[in-house]
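Given next are the chains, with one letter for each unit.
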Amino acid sequence: MGKASRDKRDIYYRKAKEEGWRARSAFKLLQIDEEFNIFEGVKRVVDLCAAPGSWSQVLSRKLYLPSKQSPVSKDGELPLIVAIDLQPMAPIEGVIQVQGDITNARTAEVVIRHFDGCKADLVVCDGAPDVTGLHDMDEFVQSQLILAGLTIVTHILRPGGKFIAKIFRGKDTSLLYCQLKLFFPVVTFAKPKSSRNSSIEAFAVCENYSPPGGFNPKDLHRLLEMVGSPSGGDDLDCSSGWLEGPNKVYIPFLACGDLSGYDSDRSYPLPKVADGTYQSLDPVQPPIAPPYKRALEMKKASSHGIRDLEKLSLDA
Ligand code: SAM
């Protein structure tokens, strides 16, 4: 598919390039903010699974750059934004980058060190595994990323803080909802306008971090498993997700973003230009080392003959 046809088919892809965002995902975070005001009073943020960096750009533009231009804090301290991903990403002003796996305890330690004893006001996680198309498998791997995100949250988020995490809607959504409710009295599942209806993704917006009394982050897994077992759930008063009939939990999905704004599932005509030829823009910042890079190199080499491909494999 050509760039111009994608511009026509995907309005948020085109708008992202026009507004200088590295990915169309930026609009998802902006639309979540429109509904939930997530940046209010925020000085310290962790962006988990951040590459290629459009959410980090939003954080930089909403928090860091305004503070740098007109400092509001008396101590002159600028907002702290720490971004983590498996992949490296091109620099963003005001964003500290950590390359690592969020499921690895050492990554969490590196993040915590950057906070120097302080706590974060907001943790966002847009993590997604390479989707296989096997729904149950994708949902499971996604839930492992949320769990890793929640583990970092329990170490770094201040009481009262917020956690925004990408989820995949599926049969275990109510279990996840109950698990998140253990830590956050207010949990809303949101579907921004820029997230296609055809996509199973949604976002858990968790507000007012309040871990259970006496909670020790080391007990996280045990606690979550208790919610996952029909009898254990009773003790935690979060059992209704396991009940049937009128007691079953129905989780509302809240649409967010201007509802009369652009629809991500619709095609829009390209804007009219003076000479009649619309010039498609290049991506703002292509990923610098995407996991598919080598596959593309090999595909290119194979089109030049099998010997080149073999040479490429040997060079690896
Ligand atoms: N929020 C990003 C943005 O706005 O540019 C897009 C994130 S992209 C949808 C998902 C990211 O999750 C990928 O960059 C991928 O490398 C990252 N990811 C997946 N598993 C991860 C893991 N275990 N640790 C760190 N990052 C991970």
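Model, not experiment: these values are computed from the prediction. (Residues numbered from 1 in each chain as written. Predicted model: local features only at pLDDT ≥ 70, side-chain atom pairs only at ≥ 80, totals over all residues. Heavy atoms only, no water.)

1. As for unusual backbone geometry
- For the peptide bond that leads from A51 to P52, omega is 0 degrees, which places it in the cis range.
- As for its position among the elements, P52 is in the loop between β1 (44–48) and α4 (54–69).
- Positioned with a positive phi, N37 is a non-glycine residue whose angle comes to about 55 degrees.
- With respect to the helices and strands, N37 occurs in the loop between α3 (26–36) and β1.
- You will see that C49, though not glycine, has its phi angle at about 60 degrees, which is positive.
- Considering the arrangement of structural elements, one finds C49 in the loop between β1 and α4.
- According to the relative accessible area criterion, C49 is buried, its value standing at 15%. (Helix = DSSP H or I, 4+ residues; strand = E, 2+ residues; numbered from the N terminus. Buried < 20%, exposed > 50% of the residue type's maximum accessible area, 1.4 Å probe, protein only.)

2. Remarks on the side chain of S195
- Here S195 is to be found in the loop between β6 (186–192) and β7 (201–207).
- What makes S195 buried here is its relative accessible area of 2%.
- Polar contacts involving the side chain of S195 include one to the side chain of K191, which spans 2.9 Å.
- With residues near it in sequence (within four places) discarded, S195 still touches K28, E201 and S264. (Polar contact = N/O pair within 3.5 Å; in protein donor to acceptor, adjacent residues only side chain to side chain. Contact = heavy atoms within 4.5 Å.)

3. Points about the packing of aromatic side chains
- Counted according to the given criterion, the structure contains nine aromatic pairs.
- Ring centres of Y12 and F27 lie 5.3 Å apart, and the angle between their planes is 55 degrees; on these two criteria the pair is classed as tilted. Of this pair, Y12 sits in helix α2 (residues 11–19) while F27 sits in helix α3; the two residues are 15 residues apart in sequence, bridging distant segments of the chain.
- The exposure class assigned to Y12 is buried, which follows from its relative accessible area of 4%.
- Measuring from ring centre to ring centre gives 5.3 Å for F184 and Y209, while their planes differ by 45 degrees; the resulting arrangement is tilted. (Phe/Tyr/Trp six-rings, centres within 6.5 Å; stacked < 30°, edge-to-face > 60°.)

4. Comments concerning the UniProt feature "binding site: S-adenosyl-L-methionine" (unreviewed entry) in the protein chain
- The UniProt record marks G53, W55, D85, D101 and D126 with the feature "binding site: S-adenosyl-L-methionine" (unreviewed entry), using the residue numbering of this structure.
- With respect to the helices, strands and loops of the structure, G53 is situated in the loop between β1 and α4.
- With near-sequence residues (within four places) excluded, G53 lies in contact with R22, M89 and I92.
- Residue classification places D101 among the partly exposed residues on the basis of a relative accessible area of 32%.
- Those residues in contact with D101 that sit more than four places away from it in its chain are L86 and T107. (UniProt positions renumbered as here; feature names shortened; annotations may be inferred.)

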